[in-house]
Amino acid sequence: MSDADNRNGTPGEDNAPSRAVDLVSDLVMALRFFSRLPTGARPHAVPNLDRIARVLPLASLLIGIGPACVLLLCVAGGIPLLFAAIAAAACSAIVTGAMSEDAAADAADGLFGGHTAERRLEILKDSRHGTYGVLTIVFVVGLKVAALSALSAYGGLAAALVWLAAALLARTGGLYFAMALPPARASGASAAAGRLSRNAFGFGLVFALGIAAVLAVPFVPPLGFVVAVVIAALIALGWTRLCDRLVGGQTGDLIGALQALLEIALLATFMRMIAG
């Protein structure tokens, strides 16, 4: 056996376990970045957006499966749809730590509560919520619950899988912001995670679109799925331009806020397409 073989391993033997270990490590990193799910006692690695983006669709399935099952079981059990939707949304908030809701509130306070980029970033960093932030949480959660309740009228399975698809696309789509703009601050979670490359984002996006289509298209017409994706893309572009103008870059809160906006937009579009 040559020295190269000793270093690189025989194809299909040494390299395969290594790739499996890397995949698990990346998945753990994504789960820790986007959720409060238990991931074992292994040391926490510094978040890397390139590694996270590639496995985020798979991580999103693990993050969303519990809340989706709560919605499915409640609807199947004959529980009133509004109650079922609230219970599922509460479960989602527990699993994710309500990160996107909190981020949306911080973004509303920061972007619209300050008059300069420096002041807006200062408010964004403040963990306290003002009037804009509190109202944003109410609107975000209220719209999500309303959409889930309406979708549940078409059956628990349809609502659960369409929600999974919307949440999965929203989480991956929110990372567009981290690719399109540099960090607005030199410190913080977003800056520490690094700038997301186009290749990593593109791979994750294609992966997410494939999974989401499998989940949603049995209940949403293919054209409706395409329309939802186009609307989400326009929202992502608009949010990026707005934040670039107001603060000159991206932060973790602004990424999370985009995720919340995309999830609501996708749920609303899917709801309309099923109803149509």
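Residues numbered from 1 in each chain as written. Predicted model: local features only at pLDDT ≥ 70, side-chain atom pairs only at ≥ 80, totals over all residues. Heavy atoms only, no water.

### A word on the overall build of the protein chain
Phase 1 of the analysis: The helix and strand tally for the protein chain stands at 13 helices and zero strands.
Phase 2 of the analysis: Split into buried and exposed, the 276 residues of the protein chain put 45% on the buried side.
Phase 3 of the analysis: Relative to all contacts within the protein chain whose residues are 6 or more apart in sequence, the contacts with residues 24 or more apart total 75%.
Phase 4 of the analysis: For the protein chain, the exposed surface amounts to about 13,100 Å²; the carbon and sulfur share of it is 66%. (Helix = DSSP H or I, 4+ residues; strand = E, 2+ residues; numbered from the N terminus. Buried < 20%, exposed > 50% of the residue type's maximum accessible area, 1.4 Å probe, protein only. Contact = heavy atoms within 4.5 Å. Areas by Shrake-Rupley, 256 points an atom, 1.4 Å probe, with all protein chains shown as cover.)

### What about helix α3 (residues 49-76)?
Three- or four-residue spacings in an α-helix give side chains the same orientation, since the helix completes a turn every 3.6 residues.
Phase 1 of the analysis: Helix length check: α3, at 28 residues, gives a terminal C-alpha distance of 38 Å against a target of 40 Å (1.5 Å per residue), a fit within 8%.
Phase 2 of the analysis: Its axis deflected by about 60° at L56, α3 carries its strongest bend there, up to four residues before the proline P57.
Phase 3 of the analysis: If you check the start of α3, you find a side-chain oxygen 3.0 Å away from the backbone N of D50, and it comes from N48.
Phase 4 of the analysis: In the segment just after α3, G78 is the residue with positive phi, at about 80°. (Expected span 1.5 Å × (residues − 1). Bend = angle between axes of the 7 residues up to and from the residue. Polar contact = N/O pair within 3.5 Å; in protein donor to acceptor, adjacent residues only side chain to side chain.)

### Overview of the nonpolar core
Phase 1 of the analysis: Core analysis: the biggest nonpolar cluster contains 75 residues, and L175, L196, W239, L254 and F270 have the highest contact counts within it.
Phase 2 of the analysis: When sequence neighbours within four positions are dropped, the list of residues in contact with W239 reads A107, L111, F177, L254, A257, L258 and L261. (Core = buried A, V, L, I, M, F, W, Y, C linked by side-chain atoms within 4.5 Å.)

### Section: the pattern of salt bridges
One side chain can pair with another of opposite charge once the charged atoms of both are near each other.
Phase 1 of the analysis: In total, this model carries five salt bridges according to the counting rule given.
Phase 2 of the analysis: Between E101 and K144 there is a salt bridge, with its nearest N and O atoms 3.1 Å apart. Of this pair, E101 sits in helix α5 (residues 99-113) while K144 sits in helix α7 (residues 131-152), placing them 43 residues apart in sequence. K144 shares its class with E101; the two are buried.
Phase 3 of the analysis: Through salt bridges with shared partners, a single ionic network connects E101, K144 and E263. (Salt bridge = Lys/Arg side-chain N within 4 Å of Asp/Glu carboxyl O.)

### Description of the environment of A30
Phase 1 of the analysis: The topology assignment puts A30 in helix α2 (residues 15-34).
Phase 2 of the analysis: Overall, the relative accessible area of 0% leaves A30 in the buried class.
Phase 3 of the analysis: Spatially, the C-alpha atom of A30 lies 8.9 Å from that of N48, the residues being 18 residues apart in sequence.

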